[in-house]
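Architecture at a glance
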Amino acid sequence: MLATETTAPRLDWKAFQEIVPEVSTGMAAVTHALKKSGLDPELLEMIKIRVSQSNGCAFCVQYHLNDARKLGVDAAKLDLLAAWREAGIFTPRESAALDWAERITLQAQHPIDDEAFAHVSAHFSQRELAFLTTAIGQINFWNRLAAPFRFTPPARFSVEQGRNR
């Protein structure tokens, strides 16, 4: 007989932090480096959302939607991230970053060939590409913690909440 699946958390985010505080500290250092990188914070949030959608990580999708809304990312772009290729509203630079993110996240399905590298390199400097790739790796790492443990997604942040602060 098949066991009934639930969506109940397997480990709470706070409990995880208490068990392995060094992980949070290390990831905070990566986040600090990314913030200092000069990459557009809105682009980084869109990347984090798209990767989290691809990985089925509800915690990270909601977390980064909240952050994107706080930054003022265009609501239409947030709504259409899952279908960004067909949306027609993303800049060539954003599209290159989203393609790169999907290729890294789904390496078995999307090979990272020389053509893909040349495409993303046409939109990002070597330095920017190093940071962009680091950001993609970081969110993939978080997804691989939050999804299996089913961290409870944070409360939804709305733009109206931000205006009332």
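Here the structure is shown first, and the text comes after it.
My aim in this report is to walk through the structure given alongside it, one point at a time. Note that the structure is predicted; figures quoted are calculated from it, not measured.

What about the packing of helix H7 (residues 92-105) against helix H8 (residues 114-121)?
Angle between the axes and distance between the axes are the two parameters that describe a pair of packed helices. Look at H7 against H8: their axes get within 9 Å of each other, and the N-to-C directions meet at 145 degrees. In the packing of H7 onto H8, the handedness of the crossing is left-handed. Contacts between H7 and H8 involve Ala 96, Trp 100 and Arg 103 on the former and, on the latter, Ala 116, Phe 117, His 119 and Val 120.

Overview of unusual backbone geometry
Despite not being glycine, Arg 150 has its phi angle at roughly 55 degrees, a positive value. With respect to the secondary-structure elements, Arg 150 resides in the loop between helix H9 (126-149) and helix H10 (159-163). The class for Arg 150 is buried, based on a relative accessible area of 19%.

As for helix H2 (residues 21-36)
Under the 1.5 Å per step criterion, the end-to-end length of H2 is 23 Å for 16 residues, consistent within 8% with the ideal 22 Å. Every buried residue belonging to H2 is among Ser 24, Met 27 and Leu 34, and all of these are buried. Looking down the long axis of H2, one finds its buried residues gathered within 75 degrees of arc, a one-sided arrangement. Facing away from the buried side of H2, by more than 90 degrees, are the exposed residues Glu 22, Thr 25 and Lys 36. On its buried side, H2 packs onto helix H1 (13-19), helix H3 (41-55) and H9. Gly 38 sits one or two residues past H2 and shows a positive phi near 90 degrees.

Conventions and cut-offs
- Residues numbered from 1 in each chain as written.
- Predicted model: local features only at pLDDT ≥ 70, side-chain atom pairs only at ≥ 80, totals over all residues.
- Heavy atoms only, no water.
- Axes fitted to C-alpha atoms, helices over the stretch in contact; angles between N-to-C directions.
- Helix = DSSP H or I, 4+ residues; strand = E, 2+ residues; numbered from the N terminus.
- Left-handed = near helix turned anticlockwise from the far one by under 90°.
- Contact = heavy atoms within 4.5 Å.
- Buried < 20%, exposed > 50% of the residue type's maximum accessible area, 1.4 Å probe, protein only.
- Expected span 1.5 Å × (residues − 1).
- Arc of directions from axis to C-beta.

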